[in-house]
Amino acid sequence: MAGRVPSLLVLLLVFPSSCLAFRSPLSVFKRFKETTRPFSNECLGTTRPVIPIDSSDFALDIRMPGVIPKQSDTYFCMSMRLPVDEEAFVIDFKPRASMDTVHHMLLFGCNMPSSTGSYWFCDEGTCTDKANILYAWARNAPPTRLPKGVGFRVGGETGSKYFVLQVHYGDISAFRDNHKDCSGVSLHLTRLPQPLIAGMYLMMSVDTVIPAGEKVVNSDISCHYKNYPMHVFAYRVHTHHLGKVVSGYRVRNGQWTLIGRQSPQLPQAFYPVEHPVDVSFGDLLAARCVFTGEGRTEATHIGGTSSDEMCNLYIMYYMEAKHAVSFMTCTQNVAPDTFRTIPPEANIPIPVKSDMVMMHEHHKETEYKDKIPLLQQPKREEEEVLDQGDFYSLLSKLLGEREDVVHVHKYNPTEKAESESDLVAEIANVVQKKDLGRSDAREGAEHERGNAILVRDRIHKFHRLVSTLRPPESRVSSLQQPLPGEGTWEPEHTGDFHMEEALDWPGVYSLPGQVSGVALDPKNNLVIFHRGDHVWDGNSFDRKFVYQQIGLGPIEEDTILVIDPNNAAVLQSSGKNLFYLPHGLSIDKDGNYWVTDVALHQVFKLDPNNKEGPILILGRSMQPGSDQNHFCQPTDVAVDPGTGAIYVSDGYCNSRIVQFSPSGEFITQWGEESSGSSPLPGQFTVPHSLALVPHLGQLCVADRENGRIQCFKTDTKEFVREIKHSSFGRNVFAISYIPGLLFAVNGKPHFGDQEPVQGFVMNFSSGKIIDIFKPARKHFDMPHDIAASEDGTVYIGDAHTNTVWKFTLTEKVEHRSVKKAGIEVQEIKDSEHKLETSSGRVLGRFRGKGSGGLNLGNFFASRKGYSRKGFDRLSTEGSDQEKEEDDGSESEEEYSAPLPAPAPSSS
């Protein structure tokens, strides 16, 4: 508590006479002193937050300004500006807190805090730009000292300008006396250049589910390291009540080398590694958290309340200054089979004496009486080897694919951030805290737990804090009617049908890469475009959108798969050693593939029967630009079947549609970047998907971040109409057109929004939504592309879950009340009949086609590094099982933005 907090850094006391050698406080700290906030009288020792040590070193005392949390699970944030403009290095951290009052603290570095107040509720966010974790503390952890010559780089042109402290007050019973808290951390900084730069590598599970009563649940995380060598010198583990042991390893040539292993019930300090561990390009980083569900009566999910769990391993490392990366993350499990050979020690609990264990919340027993009653915990031997079991949590791709938040830089005054680590740092900040929903939403939280999409919804809520940075937008549905005479012969659909997942289709599987595009060829076969072992993450591009991972080489496996629409057999595959980050896919009337690659900044025309390479290439390889010869992360292509005109949506860093002749000559372009919260016609924020309406001469664009669809005349480029509904939420990711109908998928809801992720069927003439649909197996996470055939079959590819769903049209069930023997019953009429369209095509008409094809599971099982797990048809019984099987490997695709967020990034 405040009275017990040491008042000054001990290291400062030995330098009282060195202040004169320090640069004049008037010149160095004048700006800081002018903005220094007053501290409570109870916060002794915090009135001098900047303390000179010698001519090159100084200390910062970063403390809460005398706060009194009023509710348990309160999160307060405060910021402090670095008092120097030049580059400096943090070389020492000293916590100033007690677990009697503070559950945990996180210290972030960024360029602009989310608030300029003396402190604020962290629900508002931490930073408006990227946020890097510099330090984490919990459970009375001791100070962390960096090795000699190692420091966290701050200030200067590239380093953080602000420190933001987040303090989580888990249980506020210690504040019954209304004392004011000034917990925080003291930093020792130096201006002397450090040859080695420190950084943080966060391994975190975001989708683990711990079934009630389950004795042992393993949560596994693994990623291939693809950077310059890093040298690990410390680690920290973090779980809540159910965590038994957390272990981290480097796996090289099948050999497991321990990074660190610790009980999360001990003080959560940064412990030094027993032996130096270097991690090089191509190594696998692997971590396991072991949980028990014994004593719980409901499944436990990842989250921040006392009833939730977490699985985090923080790895502190240093790199050579010229190659230094300050923050990296891993939230996927790219090598689940590798864990079959994990050392047995990873499942042996570390003995913890009862007096060493801190209850995460002193009030938890009271809370559980109402929410999750605790059962009597059975006693167990301290060194009991836990059964590893068959349950492996399949991990979410949430943190990598940043597609849903790439808009943020458009709405805040800072420049675009360069790293996916920004978002992950903020998630790491937020994911440890309480449910951020409003009280009325919280009342339904327990009901939501039964919903198969709860886990993702909660995590999405956490990282949707970014939406607080965005100006309010009109939520009113708007629809500009077509001009007179247009659409008059469009087939009319009244909505007497419903889209349902084809449960007899064995194609719900986890592909080996992020699914970026789906399309149908002239034979009605499904074609899939995926990224193999490449991901779009925060390390993929610099601030100028130049791809940074050329050294990885192109994707070495086939990225284009032709799938039988009936039995999901692989009929053909191609696209090996051509692409770096695939994105859009479309197919013209002649069966040619048109694809975009956001890393190459190019558009390719491919003949599926020609193995000699692309027929046509537009754009310059690895050169982003906005002129007639360059693209900047182009997203999609549409080819007019009548004229052969080529339309390209360009893209993440341009806001335009570009037209080319059939031979690839530049014709024209239109569109501009959106301004303000009410974008005008012809303005775009990430034009993400295209759909041609040939007989009307229209091109429709999914204006993703503006949450709308815009349609234009292909001849004059004149704006025709906007389709926008409140149920879209703030994003429309992809669209597909068949005569009379327009199909669309939206994105994950922003924090505080209610619109779920779902598919839409609209009457094209009126723009009215006539059906909304979701899958029955698994659930949408980031549906990235959609393709509809004229027989009413719809395919949706999800880039987070690496999954493709098939949906078919069924007649709506007609319910009517009928009196029988005095009892009112519900009679169902004409239910579940397959629809036959006016063209006479019947769903499933290609049944039996391609029987000699290769089953997708066997196809990938033969590829090195892939297993059959996840390719078998999923069970539709039991929401827990569905959640467990929901995720394959993580994908860090299109959300390459920080919680505040960088440039439109991935997908």
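Located above this text is the structure these notes cover.
Residues numbered from 1 in each chain as written. Predicted model: local features only at pLDDT ≥ 70, side-chain atom pairs only at ≥ 80, totals over all residues. Heavy atoms only, no water.

Engineer: Just checking my understanding: could you explain the overall build of the protein chain for this structure?
Structural biologist: Each helix and strand in the protein chain was counted, giving 10 helices and 52 strands. Each of the 907 residues in the protein chain was classed as buried or not, and the buried ones make up 63%. In the protein chain, 73% of the contacts between residues at least 6 apart in sequence involve partners at least 24 apart. (Helix = DSSP H or I, 4+ residues; strand = E, 2+ residues; numbered from the N terminus. Buried < 20%, exposed > 50% of the residue type's maximum accessible area, 1.4 Å probe, protein only. Contact = heavy atoms within 4.5 Å.)

Engineer: Whenever I open this one, the packing of aromatic side chains confuses me. Can you help?
Structural biologist: Each aromatic ring pair is specified by the distance between its two centres and by the angle formed by the two planes. Counted according to the given criterion, the structure contains 29 aromatic pairs. Members of the aromatic cluster, joined through ring pairs, are Phe 76, Tyr 119, Phe 121, Tyr 169 and Phe 175. When the ring centre of Phe 733 is taken as origin, the NZ or CZ atom of Arg 704, which lies over that ring, is 4.9 Å away. (Phe/Tyr/Trp six-rings, centres within 6.5 Å; stacked < 30°, edge-to-face > 60°. Lys NZ or Arg CZ within 6 Å of the ring centre and 35° of its normal.)

Engineer: Quick question: what am I supposed to make of the sheet that holds strand S33 (residues 634-639) here?
Structural biologist: Backbone-to-backbone hydrogen bonds join strands into a sheet, with any given pair of strands oriented parallel or antiparallel. Overall, antiparallel pairing links the 4 strands, which are arranged S33-S34-S35-S36 in an open sheet. The two strands at the open ends of the sheet, each matched to only one other strand, are S33 and strand S36 (666-670). Direction aside, the axes of adjacent strands within the sheet are offset by 20 degrees on average. As paired elements, S33 and strand S34 (residues 646-650) share 5 bridges and run antiparallel to each other. Counterpart to Asp 636 in the pairing with S34 is Ser 649. (Pairing = 2+ DSSP bridges. Axes fitted to C-alpha atoms, helices over the stretch in contact; angles between N-to-C directions.)

Engineer: How should the nonpolar core be read in this particular structure?
Structural biologist: Nonpolar side chains in soluble globular proteins tend to be buried together. In this structure, Leu 60, Ile 62, Phe 93, Phe 163, Leu 187 and Leu 189 are the most contacted members of the largest nonpolar core, which totals 59 residues. Top contributing element to this core by residue count: strand S10 (residues 162-169), with 6 residues. Each of domain 1 (46-194) and domain 2 (197-351) accounts for three or more of the residues forming this core. Beyond its immediate chain neighbours, meaning those up to four positions away, Ile 62 contacts Met 78, Met 80, Leu 107, Phe 163, Leu 165, Ser 183, Gly 184, Val 185 and Leu 187. (Core = buried A, V, L, I, M, F, W, Y, C linked by side-chain atoms within 4.5 Å. Domains from an automatic or database assignment.)

Engineer: Looking at this structure, how should I read the environment of Thr 810?
Structural biologist: Structurally, the position occupied by Thr 810 is in strand S49 (residues 803-811). Sequence separation of Thr 810 and Phe 497 is 313 residues, and the distance between their C-alpha atoms is 5.4 Å.

Engineer: Even after reading the chapter, I still don't get the environment of Arg 81, so can you show me in this structure?
Structural biologist: For Arg 81, the position within the fold is in strand S3 (residues 74-81). Relative accessible area serves as the criterion here: at 29%, Arg 81 is assigned to the partly exposed category. For the pair Arg 81 and Cys 110, spaced 29 residues apart in the sequence, the C-alpha separation amounts to 9.7 Å.

Engineer: How should I be thinking about the state of the cysteines in this particular structure?
Structural biologist: Here, the word disulfide means a covalent bond between the sulfur atoms of two cysteines. This structure, assessed with the given rule, holds 6 disulfides. Cys 77 shares a disulfide with Cys 122; S-S distance 2.1 Å. With the S-S dihedral at roughly 115 degrees, the linkage between Cys 77 and Cys 122 falls on the right-handed side. In this pair, Cys 77 is assigned in strand S3 and Cys 122 in the loop between strand S6 (120-121) and strand S7 (132-138), connecting sequence segments 45 residues apart. Cys 122 matches Cys 77 in its accessibility class, with the two residues each being buried. The side chain of Cys 289 participates in a disulfide bridge whose partner is Cys 311; the two sulfur atoms lie 2.0 Å from each other. Measuring the twist about the S-S bond at about 85 degrees, one finds the Cys 289-Cys 311 disulfide to be right-handed. One end of the pair, Cys 289, is in strand S19 (residues 284-291); the other, Cys 311, is in strand S21 (residues 311-320), and 22 residues separate them in sequence. Residue classification places Cys 311 among the buried positions, given a relative accessible area of 0%. (Disulfide = S-S within 2.5 Å.)

Engineer: Is there a simple way to explain the pattern of salt bridges in this structure?
Structural biologist: Side chains that differ in sign of charge can pair as their charged atoms come close. By the definition in use, this model includes 16 salt bridges. When the shortest N-O distance is used, the salt bridge between Glu 86 and Arg 191 registers 2.8 Å. One end of the pair, Glu 86, is in the loop between S3 and strand S4 (88-96); the other, Arg 191, is in the loop between strand S11 (184-190) and strand S12 (196-205), and 105 residues separate them in sequence. Measuring nitrogen to oxygen at the nearest pair gives 3.6 Å for the salt bridge that ties Asp 278 to Arg 250. Of the two residues, Asp 278 is situated in strand S18 (residues 271-279) and Arg 250 in strand S16 (residues 243-252); the sequence distance between them amounts to 28 residues. Under the relative-accessibility criterion, Arg 250 is labelled buried at 11%. (Salt bridge = Lys/Arg side-chain N within 4 Å of Asp/Glu carboxyl O.)

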